[in-house]
Amino acid sequence: MEYTIALVRGDGIGPEIVDGAVRVLEAVGARFGHSFHFPSYLAGGCAIDATGAPLPEETVQGCLDSDSVLLGAVGGPKWDTLPANLRPEKALLGLRKALGLYTNLRPAKIYDALRGESTLRPDIAARGFDLVIVRELTGGIYYGERGRREGKYGPEAYDTEAYSVMEIERIARVAFETARKRRKNLVSIDKANVLETSRLWRETVHRIAAEYPDVECSDMLVDNAAMQLVRDPSRFDVVLTSNMFGDILSDEASQITGSIGLLPSASLGDGTRGMYEPIHGSAPDIAGQNRANPLATILSAAMLLRYSLGLSEEADCVEAAVDAVLREGCRTADLVHGGERALSCTEMTEAVLAKI
Ligand code: NAD
């Protein structure tokens, strides 16, 4: 089969890690008889430098014309002081909106070989965990009205959160369907003791839960969830969250796996086209040094194979290759301590390629 995968390398370590994932996809293509075309598009800081806009129309169109999108990361200190409508992050929010991607799937599991890397107490890490955060992606406070105004105590800023019943229903259904294919347990996160959007969230989730009697569903306040994630992550299977809560909790989940450089994500809508990216940012502190961990992006490419192209065997092959290199002790700089030798981004990619 032939597939077109739009590459949005972005800024900082983005180009290094996307190039690693492309080599892995090419190897998978060679082994399983697929050919991939990889048109490249600009977004984020590099697009601002080249065109003056964080998300050129050509990028949106190119992504719409592709089977799926693989993204590195955008942003960096160079563009931090630009006005809000010109910031690199605008590109991400714009792409998600343009492609209708309202679901963000963020799996987080502890690899047997990396239990020692987790920041969890050894006895908690030993229990293991394998959870997936289903995060709403195109609503809530990141998309609400915001601004500056004159307040009671002088100048102030405000951001607003709004969620419609429709937005909550559709993400809840994705989470329940995800739970059905896993261990059939769903925890819905909110802050219903304070926020009206959370009260609507909880009400709506309960209504949808009635359609899934085979899935055990419970609510948890976000502050408690932040605590439970480090106290006993093994209790979670599917975690359903709003946009901002999911953003924060998934970074916490990443750290207890060992490194933020390991966690992939898939952004999905109603069709098969999705956008796949590591959950970390552009890591400007290590950009251009060939030190980044490419595994989160390689695992994002595996999710792309599975969810957008329906190539499960190929996705399993990539995930097994990552598992195997970690078992053999391959480690990038984010996973080594003291005097241990770290593999470069390229060397880690080559280790994965060798397994494929
Ligand atoms: P970050 O995730 O880029 O980096 C946090 C820390 O993790 C840094 O020390 C970095 O070196 C390390 N790290 C991240 N990815 C790594 C990898 N693959 N291998 C090894 N180490 C890795 O977060 P930040 O520093 O808060 O943000 C940097 C920039 O990235 C900002 O401009 C931010 O807006 C942007 N950002 C972009 C995205 C995205 O494009 N989706 C997401 C988050 C942050």
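For every chain, the first residue of its written sequence is number 1, and the numbers climb from 1 along that sequence. Reporting in this predicted model follows two pLDDT cut-offs: at least 70 for local features of residues, and 80 or more for side-chain atom pairs to be given and counted; totals over whole chains, interfaces and linings ignore these cut-offs and use all residues. Water and hydrogen atoms were dropped before computing side-chain values, which therefore reflect all heavy atoms in the structure.

(A) Examining the domain arrangement of the protein chain more closely. Source of the domain bounds: an automatic or database domain assignment. Taken as a whole, the protein chain is organised into domain 1 (1–101 + 280–356) and domain 2 (119–256). One C-alpha centre belongs to domain 1, the other to domain 2; they are set 25 Å apart. Note on contacts: a residue pair is in contact if any heavy atoms of the two residues lie within 4.5 Å. Contact with domain 1, which involves four residues of that partner, is made by five residues of domain 2. Two parts lose some accessible area (1.4 Å probe) when they are put together, and adding that loss for both gives the buried area. Buried area between domain 1 and domain 2, summed over both chains or domains, comes out near 470 Å², and the portion from carbon and sulfur atoms is 60%. The three residues of domain 1 that bury the most area against domain 2 are Leu 93, Arg 96 and Lys 97, which together make up 80% of that side's buried surface. In the sections that follow, a salt bridge refers to a side-chain nitrogen of Lys or Arg positioned within 4 Å of a carboxyl oxygen of Asp or Glu. Remark: the boundary between domain 1 and domain 2 carries zero salt bridges. Within 3.5 Å is the distance limit for a polar contact, defined as a pair of N or O atoms, with the added protein rule that one can donate a hydrogen and the other accept it, and that residues adjacent in sequence qualify only through two side-chain atoms. Where domain 1 touches domain 2, the interface holds two residue pairs in polar contact (both at pLDDT 80 or more). Each residue gets one of three labels, nonpolar for Ala, Val, Leu, Ile, Met, Phe, Trp, Tyr, Cys and Pro, charged for Asp, Glu, Lys and Arg, and polar for the others, Gly among them. For the side of domain 1 that touches domain 2, a count of residues per class yields two nonpolar, no polar and two charged.

(B) Structural context of the side chain of Arg 331. Structurally, Arg 331 can be placed in the loop between helix H11 (312–327) and helix H12 (345–355). The side chain of Arg 331 is buried and forms no salt bridge, while Glu 117, the nearest opposite charge, is found at 4.2 Å. Of note is the side chain of Arg 331, whose polar atom sits 3.1 Å from the backbone oxygen of Ala 113. Contact partners of Arg 331, with chain neighbours within four places excluded, come to Ala 113, Leu 114, Glu 117, Leu 326, Val 336, Arg 341, Ala 342, Leu 343 and Met 348. We count a stretch as a helix when DSSP gives it H or I for four or more residues in a row; a strand needs E for two or more, and each element gets its number in order from the N terminus. Any residue under 20% of the maximum accessible area for its type is buried, any over 50% is exposed, and the rest in between are partly exposed; the area is computed with a 1.4 Å probe on protein chains only. Charged residues are defined here as Lys and Arg on the positive side and Asp and Glu on the negative side; His and the ends of the chain fall outside this count.

(C) Seen up close, helix H3 (residues 57–64). Along H3, the residues that are buried comprise Thr 59, Val 60, Gly 62 and Cys 63. The arc enclosing the buried residues of H3, seen along the axis, measures out at 165 degrees, which places them on a common side. Opposite the buried face of H3, by more than 90 degrees, sit the exposed residues Glu 57 and Glu 58. Residues of H3 that are buried sit in contact with strand S1 (2–10), strand S3 (68–73) and helix H4 (89–98). The arc refers to the directions leading from the helix axis to the C-beta atoms.

(D) The site of the ligand, seen in detail. Close to the ligand lie 20 residues, the nearest being Val 74, Glu 89, Gly 281, Ala 283 and Asn 293. Measuring from an oxygen atom of the ligand, one finds a side-chain N or O atom of Glu 89 at 2.8 Å. Asn 293 places a main-chain nitrogen or oxygen 2.9 Å from a nitrogen atom of the ligand. Taken together, the residues of the shell around the ligand sort by class into nine nonpolar, seven polar and four charged. Near residues are defined by distance, with any heavy atom within 4 Å of the molecule or strand qualifying the residue.

(E) Region of the structure containing the packing of helix H1 (residues 14–32) against H11. All axes are obtained by fitting lines to C-alpha atoms, using only the stretch in contact for helices, and the reported angles, taken between N-to-C directions, cover 0 to 180 degrees. The N-to-C vectors of H1 and H11 enclose an angle of 125 degrees; their axes lie 11 Å apart at closest approach. Compared by their axis directions, H1 and H11 come out oblique. Crossing handedness for the pair H1 and H11: right-handed. Between H1 and H11, the contacting residues are Val 24, Val 28, Arg 31 and Phe 32 on the first element and Glu 313, Glu 314, Cys 317 and Val 318 on the second. Across the contact of H1 with H11, the residue classes tally to five nonpolar, no polar and three charged. Each angle is binned into one of four classes, with values under 35 degrees roughly parallel, values over 145 roughly antiparallel, values of 65 to 115 roughly perpendicular, and all other values oblique. Left-handed describes a crossing whose near helix is turned anticlockwise from the far helix through less than a right angle; right-handed describes the clockwise counterpart.

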